[in-house]
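If you want the building blocks of each chain, they are given just below.
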Amino acid sequence: MVKQLVAAQNDFFATQKTKDVSFRKQYLKKLQQEIIDQEDAICDALYADFKKPKFESLATETQLALAELNYAIKNIASWSEPEKVSGSWSNFPSKEWIQPEPYGKVLIISPWNYPFLLAISPLIGALAAGNTAILKPSEFSVHTSKIISQIIRKVFPPEYVTVVEGGVEVSSQLLAQKWEYIFFTGSTKVGKIVYKSAAEHLTPVTLELSGKNPCVVDKTATISLAAKRIAWGKFINAGQTCIAPDYILVHQSVKDALVDNLKKSITEFYGEDMEASNDFARIATGKHYDELKTMLKGEKVLFGGKFTDNDRYVAPTLVDEPERDSAIMEGEIFGPVLPLISYTDESELHPIISKYPNPLAFYVFSSSKKFQKRLMDRYSFGGGAINDTVVHISNKDLPFGGVGQSGIGGYHGKHTFDLFSHHKSIAKRGTWLDVPLRYAPYTISTGLMKKIKHLF
Ligand code: NAD
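Just so it is clear, the structure is predicted and the values come from calculations on it, not from any experiment.

Undergrad: What should I look at first to understand the overall build of the chain in this one?
TA: Looking only at helices and strands, one finds 14 helices and 18 strands in the chain. Considering only C-alpha atoms, the chain reaches an extent of 80 × 55 × 35 Å along its principal axes. Within the chain, buried positions represent 53% of all 456 residues. Taking as baseline every contact in the chain between residues at least 6 positions apart, the subset at least 24 positions apart corresponds to 71%. Working note: accessible area of the chain is about 20,700 Å², and carbon and sulfur atoms make up 55% of it. Of the side-chain charges in the chain, 53 are positive and 50 negative, and the distance between the mean point of each set is 8 Å.

This is the structure in structure tokens:
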């Protein structure tokens, strides 16, 4: 089945229909309408998958996807225009330009944590750029994957866009095919598998991967606001956010105040009985739930720490001073568990931060511009924020992605269009003049050639 789908998309791309900007726009508008019509059903599916609160489903999934769609529909015509560059004198007479063109068939593989947005958002850019696409959503967010499949089936013919549901086996079958572009969001471990498969065909990739994101709170930070913003970024989506702060490095002198304010913020957000809150999601998979439970064994819990097996509920949890080699400090936590490590001197930060390669996100809370700059300049990370968490994702002009172990490439807004376009360079020469100097037999002395520097 996979082979037939791929062949059908090859044939469809060859018809050149997707090169027509009005064709792309027409389908993006259809997709927009269908998402608007199905928005409540999408939220229901997200709730069925991991009790994602409706507000969060709207704010972090459907409305972000609709904003991307709106922006693409408005700008697709200008993005698709060839971009003129000034002609080089050696080519005179000539017009020269960069022309974006679609790659062809695109494979998009997405994860379960923001299962709607992370499938649809790259798709929008892929289609805006004129590609065809096969989408493989996560097998762990079954309800959302199902509704994505229904929406796509209703809007697109399968030779243009189709959804293939399934797990690792299906994903492997898809990766064995030849693609002109692969866009993968998920773990660094699986990202490496995707990269290897892509290398077989020299297929370009975007890899949106994971990292262990530090959040540094220095003694000059506004602690109550820092606590509120950290708690928001950490516990939205029950901590299952790739750019959530993973661990806090807090100056010893403000640690108690930060802990008190974190507890206060969490209680304000979710009430005394956090499990009963309608505003707090559950862990999406049994495997991740079990991992979180194991991770917490033997740790000193300052707040939270409750697990309810039959509901995959993990309370917003604060952990005090874990050992550097503990399970909690080994890899990405990916759940509502937040460890705090204190420091007394700035020099203590580097050995901890540098233990984890290239975080996807980096956060600093401080009133000192010098301190903010020192940290922002020193470390290589995907993206970040000063005096807030997560919010850098919301600006479509900021490319979103990782670096090194946390990924390759960045997207959102026009960046997604550019990422799914090959930019071909074209020089159109005039025919009324043809300077003979470049042709053999060469008549210019090598001394003069060095002075001219470049002849063509
Ligand atoms: P995952 O890597 O396990 O799975 C992602 C996708 O890959 C799924 O569709 C899955 O079916 C497929 N897959 C899994 N194993 C595979 C294999 N061996 N071969 C081929 N395909 C395979 O990730 P996940 O658990 O679904 O998502 C959570 C991870 O994703 C976290 O590490 C998180 O940090 C990361 N993430 C990153 C971003 C980002 O934008 N950088 C966003 C969300 C999540």
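Undergrad: Before we go on, may I ask you to explain the domain arrangement of the chain in this structure?
TA: Quoted interface sizes are often the accessible area lost when the parts come together. Domains assigned within the chain are domain 1 (2-209 + 408-423) and domain 2 (214-401). One C-alpha centre belongs to domain 1, the other to domain 2, and the line joining them spans 30 Å. At the interface, 20 residues of domain 1 touch 25 residues of domain 2. At the boundary of domain 1 with domain 2, total buried surface from both sides reaches about 2,000 Å², with 59% on carbon and sulfur atoms. A per-residue breakdown of the area domain 1 buries against domain 2 is headed by F50, W112 and H412, which together make up 27% of the total. Between K51 and D311 there is a salt bridge, with its nearest N and O atoms 3.0 Å apart.

Undergrad: Hey, could you run me through the UniProt feature "domain: Aldehyde dehydrogenase" (unreviewed entry) in the chain in this one?
TA: UniProt records the feature "domain: Aldehyde dehydrogenase" (unreviewed entry) at residues 3-426, using the numbering of this structure. Overall, residues 3-426 shows 42% helix and 19% strand. The separation of its end C-alpha atoms is 34 Å.

Undergrad: Whenever I open this one, the sheet that holds strand β3 (residues 105-109) confuses me. Can you help?
TA: Strand pairing in a sheet takes place through backbone hydrogen bonds and is either antiparallel or parallel in direction. Spatially, the six strands line up as an open sheet ordered β5-β4-β3-β6-β7-β17, and their pairing is mixed. Of all the strands in the sheet, just β5 (161-163) and β17 (407-408) have a single pairing partner and so form its edges. Bridge count for β3 against strand β6 (residues 181-185) is four bridges, and the pairing is parallel. Within β6, the residue paired with V106 across the bridge is Y181. Seen against the sheet, helix α4 (residues 117-128) touches β3, β4 (132-136), β5 and β6 and runs at an angle of roughly 165 degrees to β3.

Undergrad: What should I look at first to understand empty space enclosed by the protein in this one?
TA: Over the atoms rolls a probe the size of a water molecule, and its path tells where empty space is left. All told, the structure shown has two cavities of 30 Å³ or more when counted by the stated rule. For the largest cavity, the calculated volume is near 50 Å³. As for the largest cavity, its lining consists of G211, N213, K234, G239, T241, C242, A244, P245, D246, E332, I333 and F334. Split by residue class, the lining of the largest cavity holds five nonpolar, four polar and three charged. Space inside the second largest cavity adds up to approximately 40 Å³. As for the second largest cavity, its lining consists of E68, Y71, A72, W79, I124, G125, A128, G413, T416 and F417. If you list the elements that add at least two residues to the lining of the second largest cavity, you get α3 (54-80), α4 and α13 (414-419). Per-element tally for the lining of the second largest cavity: the top contributor is α3, with four residues.

Undergrad: Teacher, can you tell me more about the UniProt feature "active site" (unreviewed entry) in the chain here?
TA: Sequence positions flagged by UniProt for "active site" (unreviewed entry) are, in local numbering, E208 and C242. Sequence-wise these annotated residues cover 35 residues; spatially they are packed, their C-alpha atoms never more than 9.3 Å apart. In the annotated group above, the largest cavity draws its lining from C242. With respect to the helices and strands, the residue E208 is situated in strand β7 (residues 205-208).

Undergrad: Got a minute to help me understand the site of the ligand in this structure?
TA: The immediate surroundings of the ligand are formed by 28 residues, with K136, E139, S187, L209 and E332 found nearest. Between K136 and the ligand, the recorded distance is 2.7 Å, taken from a side-chain N or O atom to an oxygen atom. In this structure, S171 approaches the ligand through a side-chain N or O atom, which is 2.7 Å from a nitrogen atom. Bound to the protein, the ligand loses 91% of the 830 Å² it would expose on its own. Considering each element in turn, the shell around the ligand owes the most residues, three residues, to helix α6 (residues 168-175). In terms of residue class, the shell around the ligand is built from 15 nonpolar, nine polar and four charged. Two domains each provide a minimum of three residues to the shell around the ligand, namely domain 1 (2-209 + 408-423) and domain 2 (214-401).

Conventions adopted
- Residues numbered from 1 in each chain as written.
- Predicted model: local features only at pLDDT ≥ 70, side-chain atom pairs only at ≥ 80, totals over all residues.
- Heavy atoms only, no water.
- Helix = DSSP H or I, 4+ residues; strand = E, 2+ residues; numbered from the N terminus.
- Buried < 20%, exposed > 50% of the residue type's maximum accessible area, 1.4 Å probe, protein only.
- Contact = heavy atoms within 4.5 Å.
- Areas by Shrake-Rupley, 256 points an atom, 1.4 Å probe, with all protein chains shown as cover.
- Lys, Arg positive; Asp, Glu negative; His and termini not counted.
- Charge placed at Lys NZ, Arg CZ, Asp CG, Glu CD.
- Domains from an automatic or database assignment.
- Buried area = accessible area lost by both parts, 1.4 Å probe.
- Salt bridge = Lys/Arg side-chain N within 4 Å of Asp/Glu carboxyl O.
- UniProt positions renumbered as here; feature names shortened; annotations may be inferred.
- Pairing = 2+ DSSP bridges.
- Axes fitted to C-alpha atoms, helices over the stretch in contact; angles between N-to-C directions.
- 1 Å grid on protein atoms, 1.4 Å probe; cavity = no way out; pocket = protein on both sides within 12 Å on 5 of 7 lines; lining within 4 Å.
- Points joined across faces, edges and corners; volume = space filled by probe spheres on them.
- Nonpolar A, V, L, I, M, F, W, Y, C, P; charged D, E, K, R; others polar.
- Near = heavy atom within 4 Å.
- Polar contact = N/O pair within 3.5 Å; in protein donor to acceptor, adjacent residues only side chain to side chain.

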